Structures are given as C-alpha cells and as structure tokens.
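# Topology and contacts: notes
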Amino acid sequence: MSERHTQVKRLTTPEAFRDHVASLGVEIPFDDVVDPAGVLSTPTSFTDGQAGTLTAVNRFAVLPMEGWDGTTDGRPTDLVRRRWSRFAASGAGIVWGEATAVRPDGRANPNQLVMGERSVDEIAALRASLAPGQVAGLQLTHSGRYARPVQAPEPRTAYQHPVLDARVGAGPHTVFTDDELDELVEQYVAAAVLTAQAGFEFVDVKHCHGYFLHELLSGHDRPGPYGGDLAGRTHFLCSVVAGIRDRAPGLAVAVRLSAFDLMPFTAGEGGTGVPDGEGPYRHAFGGDGTGLGIDLTEVHQLFAVFEELGIGLVSTTAGSPYYNPHVQRPAYFPPSDGYRPPEDPLVGVARQLAVTAELAAAHPEVTVIGSGYSYLQDWLPNVGQAVVAGGGAAMVGLGRMVLSYPELPLDVLAGRSVDRGLICRTFSDCTTAPRNGLVSGCFPIDPFYKDHPQRVELTKAKQAAKARLR
Ligand SMILES: Cc1cc2nc3c(=O)[nH]c(=O)nc-3n(C[C@H](O)[C@H](O)[C@H](O)COP(=O)(O)O)c2cc1C
Ligand code: SF4
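Residues numbered from 1 in each chain as written. Chains lettered and ligands numbered in written order. Predicted model: local features only at pLDDT ≥ 70, side-chain atom pairs only at ≥ 80, totals over all residues. Heavy atoms only, no water.

## Re the overall build of the protein
Check the secondary structure of the protein and you find 17 helices and 13 strands. Against the globule reference of 23 Å for 470 residues, the protein gives a C-alpha radius of gyration of 20 Å, in line with a compact fold. In terms of overall dimensions, the protein has a C-alpha envelope of 55 × 50 × 45 Å along the principal axes. Scored against the burial criterion, the 470 residues of the protein give a buried share of 61%. Contacts in the protein between residues at least 24 apart in sequence constitute 71% of all its contacts with a sequence separation of at least 6. For the protein, the computed accessible surface area is about 16900 Å², with 53% contributed by carbon and sulfur atoms. The positive charge centre, built from 40 side chains, and the negative charge centre, built from 53, are 8 Å apart in the protein. (Helix = DSSP H or I, 4+ residues; strand = E, 2+ residues; numbered from the N terminus. Rg over C-alpha atoms; globule rule 2.2 N^0.38 Å. Buried < 20%, exposed > 50% of the residue type's maximum accessible area, 1.4 Å probe, protein only. Contact = heavy atoms within 4.5 Å. Areas by Shrake-Rupley, 256 points an atom, 1.4 Å probe, with all protein chains shown as cover. Lys, Arg positive; Asp, Glu negative; His and termini not counted. Charge placed at Lys NZ, Arg CZ, Asp CG, Glu CD.)

What follows is the structure, encoded as structure tokens:
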C-alpha cells in the first residue's frame with residue numbers, strides 16, 4: 001500500500017502549514033495574513049511587440065480549462081456558456097479561454113471547441129459574455145499525440161517516442177511530414193485571425209501538456225526544418241507568429257508552456273506512480289536528460305525567442321496530464337487513468353512555483369502567470385500573495401479551484417474569509433469524467449454537477465479505478 005500523505009485540509013493553522021512544508025524539504029512562499037488591498041488587488045500589464053500594452057485589473061487569472069462538452073461540430077453548448085459565465089463572475093483580471101482546436105481532427109475529444117467559420121460567432125459570444133474589463137485570450141491547439149476527434153485515438157506526432165507510441169497506437173505512420181506542418185502553420189494563422197475577429201485580446205499558441213507543439217519542442221531527432229536544434233524546434237512557433245503579425249496585427253500573442261517535463265509515469269506497486277522506464281531520457285523539454293530532473297537552460301533560450309517575437313505573456317505549467325499527472329496537476333486523489341501520488345502533492349506545487357520564479361526573475365520583459373495552485377486549497381491566497389509580492393510570478397493562475405469556487409478572487413479581494421465548503425479538494429473528478437467519455441465539471445462540489453445525470457456513470461468509473469490501484 002502506498003504512503004498516505006497529509007491532507008492540506010488538516011493543516012489548519014499557518015504554523016501547521018509552514019511546518020509541514022519544511023518537513024518536506026521544499027520551499028513555498030507564504031504570508032500569514034492576506035491583505036485585500038495588497039498586491040493581489042493591484043493591476044499588472046503585459047506588452048505585446050505589435051499589439052501594444054494590455055492591463056489586467058488584478059493578479060488573478062483563470063487558466064484554460066476545457067469541458068469536453070461542446071457540440072460535435074466544435075461549437076459551444078449551454079454547459080460551455082455556463083462555465084464561461086462563472087469565469088466572468090470570478091472577478092479575475094484575465095480569463096484565458098480553453099483549448100480550441102485549429103482543425104476538427106486536432107481535437108483531444110469529440111466535444112472540444114474548434115475555431116472555424118462555423119463556430120466563430122458563437123465563440124465570439126463566449127468572449128462577449130465575460131465581465132467588462134476582463135482581458136480575454138483563447139488557446140489554440142492541435143492535440144497531436146492525444147488527438148481523439150471521434151471516439152478512438154487518432155494520434156499525429158512530432159517524432160517516434162520509445163514509451164508513448166505504444167500507449168496511443170502511434171508509429172512512423174503518425175509522424176507529421178514537413179509539408180503537413182507547413183499546412184498546419186497556415187491553419188493556426190487562419191484560426192488566430194478568427195480569434196481576433198471574435199473579439200479576443202490575445203491568442204495562445206499552446207506549447208504544453210504533451211500536445212503537438214509541446215512535443216515538437218523535444219523533437220531533437222526530427223530531421224528537417226521543424227526539428228533538430230532549438231531554432232528548428234521553434235520554427236513552427238516563429239512561422240505562426242509571423243503569420244499572425246501579418247494578418248491579425250491587433251492581436252497579442254501569448255504562450256502556455258510546459259516549462260519542464262519528466263519522463264512518463266505509470267502505476268507501480270500498490271498503485272503508486274513510478275517512472276515508466278529508466279533514463280537517460282531526452283524527450284522531456286526542460287528536463288536534465290535523466291527523466292527525473294530539471295534543467296532550464298533551453299527554457300531560458302526559448303524565453304529569449306519569445307522576447308524576440310514580441311511575446312509579452314506566458315503561462316507556465318509543467319508535464320502532461322496524460323503521462324505524468326502528478327507533475328502537471330498535483331492532487332491528493334488520482335484521476336481514473338492515473339496512479340497514487342509518488343510524492344506529497346505539495347512537492348509538485350513547490351516544483352512549479354520554483355521554476356516559474358526562476359523564469360519570471362530572469363525575463364522581466366515577459367509577464368508570467370503561474371499554475372498548479374489549487375492543491376494549496378485553503379492556503380492558496382496566502383501563497384499567491386507571497387509569490388506575487390516576491391516577484392515569483394506576476395499573476396496567480398487558477399485552474400480547478402475556479403471550477404469548484406469561481407468567486408474565490410472576489411472573496412479574497414473583498415477581504416472575506418474563504419468558503420471552506422467550496423474549496424477544491426483535488427478529487428480529480430473533473431479529469432476522471434472526461435477520461436471516461438463524460439462531460440467535465442466539479443461533480444463533488446458544484447451543485448449543478450452534483451445533480452448531473454452523468455454522476456452515476458462517474459461513480460462507477462471511480463470504483464473501477466479504485467480497484468485497479470489496489
Ligand atoms: C478539467 C480540466 C481541463 C483543463 N483543460 C486545459 C486546457 O484546455 N488547456 C490547458 O492549457 N490546461 C488545461 N488544464 C490544466 C489547467 O489549466 C491547470 O494547469 C491545472 O489544472 C493546474 O492548475 P490548478 O492546480 O489550479 O488546477 C485543465 C485542467 C482541468 C482540471
Ligand atoms: S472535481 Fe472539483 S474538487 Fe475535484 S479536482 Fe475537480 S474542481 Fe477540484
């Protein structure tokens with residue numbers, strides 16, 4: 001049986017939290033008192049090389065989170081509109097809109113939004129539904145290795161991978177050709193033009209979580225113009241940005257980046273996560289070559305590329321929810337296709353905070369939004385304030401926490417104590433549900449999803465997963 005970690009909800013005082021963090025041998029910035037008129041309430045700006053300066057009214061950003069709940073032709077449904085209306089009500093300064101495929105076969109699930117002529121007006125209505133003053137972006141994606149546009153996986157890859165190919169049925173036949181990538185560049189630019197037309201202030205050329213452009217960053221062995229050295233591995237990004245500068249000059253460009261990665265993990269003895277193989281491992285962008293360590297040398301070089309391209313906004317994240325979820329989304333309870341956490345999830349939070357702080361300090365021209373805060377639970381505002389005050393990030397990104405508790409930013413900025421009943425306890429149902437073909441939502445806490453008919457199927461999927469990890 002795997003080690004049981006201390007649940008954050010048991011750390012009921014600042015001292016208990018600090019002591020526990022110290023016992024783990026990691027550092028997490030922490031303020032005992034959160035000041036509603038303090039740094040989290042102050043505005044921050046980012047400057048795009050072409051589109052100019054945009055200002056967020058406070059230091060909270062809603063991170064991109066898709067819901068596996070659009071129509072099968074890529075348009076929003078009432079569930080999508082409900083999610084965005086809750087993001088509007090959060091009071092967060094930035095809403096970073098969810099993964100939206102640049103073409104139908106690039107979707108990660110049959111219900112992902114697709115940016116196209118057919119959907120653009122309804123996606124524009126989503127943007128219009130946000131609160132006045134909220135800065136809005138949209139994340140453009142091709143799911144690459146994790147494309148699943150109908151029911152079965154249809155992977156398209158950057159290169160052949162020794163571990164991950166077998167997991168998704170990829171091989172030489174799934175590797176994109178250079179000609180296909182030239183075409184994909186055009187499709188990103190066309191989708192960005194529509195994103196500008198839909199009223200968004202910025203577009204995110206997504207480079208995270210094992211999806212296509214993240215995978216391309218580790219395409220050392222890929223021959224041709226889109227692989228090899230860092231110039232080759234960023235050729236796609238540079239081409240897309242050049243196209244956007246030309247055809248959508250008023251649109252700012254941002255990047256969501258997995259700023260480091262580790263090797264794939266799998267369930268070992270007692271269901272606890274263990275590395276799936278042994279190093280050396282050269283497929284982790286931001287990794288040190290062992291598969292288990294971090295080396296940011298190339299990541300700093302990538303930030304220099306961002307600066308040259310005039311990209312002024314980056315959201316850092318890490319790893320992938322598919323092959324190392326404990327790195328990407330620290331959680332007490334694993335998703336149904338995951339494994340028990342191999343470390344106290346606060347170690348995962350600290351890892352993301354430290355990497356983000358190093359990048360933010362070294363690249364002051366770029367406004368950096370951090371991620372992975374939800375596992376901090378009751379202490380999220382205390383850590384967020386200390387991080388921003390210390391320059392560890394310009395903004396606090398909120399993922400799962402805004403699914404369970406969208407008004408958290410408003411409560412913090414109004415000086416109200418957090419509502420403990422709404423705090424995300426990282427049950428992972430919002431990940432387990434889509435892994436089982438169901439819509440995503442906060443089934444344990446959000447009353448709407450508590451009553452959702454798919455909760456029955458979700459419970460069955462969770463029971464099966466529990467048995468698998470015994
Ligand atoms: C249901 C769900 C959907 C997500 N969808 C996306 C997405 O579309 N794009 C993306 O970059 N990250 C996505 N993420 C990752 C989050 O943006 C965030 O990085 C992650 O949840 C960690 O932050 P947190 O600790 O605040 O939850 C998703 C996460 C969840 C739980
Ligand atoms: S389902 Fe709700 S409580 Fe569970 S991880 Fe997602 S947002 Fe948090």
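Having seen the model, we can carry on.
## Regarding the site of ligand 1
The full set close to ligand 1 counts 22 residues, and Gln139, Arg256, Ser374, Gly399 and Arg400 are the nearest of them. The contact in question runs from a nitrogen atom of ligand 1 to an N or O atom on the backbone of Glu66, over 3.2 Å. Between ligand 1 and the protein, one listed contact pairs an oxygen atom with a side-chain N or O atom of Arg256 at 2.8 Å. Computed on the free molecule, ligand 1 has an accessible area of 610 Å², of which 99% lies beneath the protein chains in the complex. Residues that form the shell around ligand 1 fall into these classes: nine nonpolar, eight polar and five charged. (Near = heavy atom within 4 Å. Polar contact = N/O pair within 3.5 Å; in protein donor to acceptor, adjacent residues only side chain to side chain. Nonpolar A, V, L, I, M, F, W, Y, C, P; charged D, E, K, R; others polar.)

## Considerations on the site of ligand 2
Surrounding ligand 2, one finds Arg400, Leu403, Cys424, Arg425, Thr426, Phe427, Ser428, Asp429, Cys430, Cys442, Pro444 and Ile445. Of the residues assigned to the shell around ligand 2, the class counts are seven nonpolar, two polar and three charged.

## Things to note about the nonpolar core
Core analysis: the largest hydrophobic core is formed by 105 residues, its most contacted members being Phe17, Phe236 and Leu257. The element that contributes the greatest number of residues to this core is helix H5 (residues 178–197), accounting for eight residues. With residues up to four places along the chain from it excluded, the contact list for Phe17 reads Leu11, Ile28, Phe30, Leu346, Leu376, Trp379 and Val383. (Core = buried A, V, L, I, M, F, W, Y, C linked by side-chain atoms within 4.5 Å.)

## As for the pairing of strand E12 (residues 367–370)
Of the two faces of E12, the one carrying Thr367 and Ile369 and the one carrying Val368 and Gly370 are both buried. Sheet topology places strand E11 (residues 313–317) next to E12; three bridges connect them, and they run parallel. Within E12, the residue paired with Leu313 across the bridge is Thr367. In this fold, the crossover linking E12 to strand E13 (residues 395–398) by way of helix H12 (residues 380–389) has right-handed handedness. (Pairing = 2+ DSSP bridges. Right-handed = clockwise from strand over helix to strand, strands pointing away.)

## Points about the pairing of strand E8 (residues 252–258)
For E8, a buried count of seven out of seven residues is recorded, marking the element as mostly surrounded by other parts of the structure. By the alternation rule, side chains of E8 split into Ala252, Ala254, Arg256 and Ser258 and Val253, Val255 and Leu257, which are all buried. When strand E7 (residues 202–205) meets E8, the two strands line up parallel, connected through three bridges. Looking across to E8, one finds that Phe202 is bridged to Ala252. Both E8 and E11 contribute to a ladder of five bridges, which runs parallel. Looking across to E11, one finds that Ala254 is bridged to Leu313.

## A look at the pattern of salt bridges
For the structure on display, the rule yields 26 salt bridges. Look at the salt bridges and you will find they share partners, linking Asp73, Arg75, Arg118 and Glu122 into a network. (Salt bridge = Lys/Arg side-chain N within 4 Å of Asp/Glu carboxyl O.)

## Focus: the packing of aromatic side chains
Evaluation of the coordinates by the stated rule reveals 19 aromatic pairs. Ring geometry for Phe46 against Phe202: centres 6.0 Å apart, planes inclined by 90°, an arrangement best described as edge-to-face. With Phe46 in strand E1 (residues 44–48) and Phe202 in strand E7, the pair connects residues that are 156 residues apart, well separated along the chain. The same class applies to Phe46 as to Phe202, namely buried. With a centroid separation of 6.2 Å and an interplanar angle of 80°, the aromatic rings of Trp84 and Phe200 are classed as edge-to-face. (Phe/Tyr/Trp six-rings, centres within 6.5 Å; stacked < 30°, edge-to-face > 60°.)

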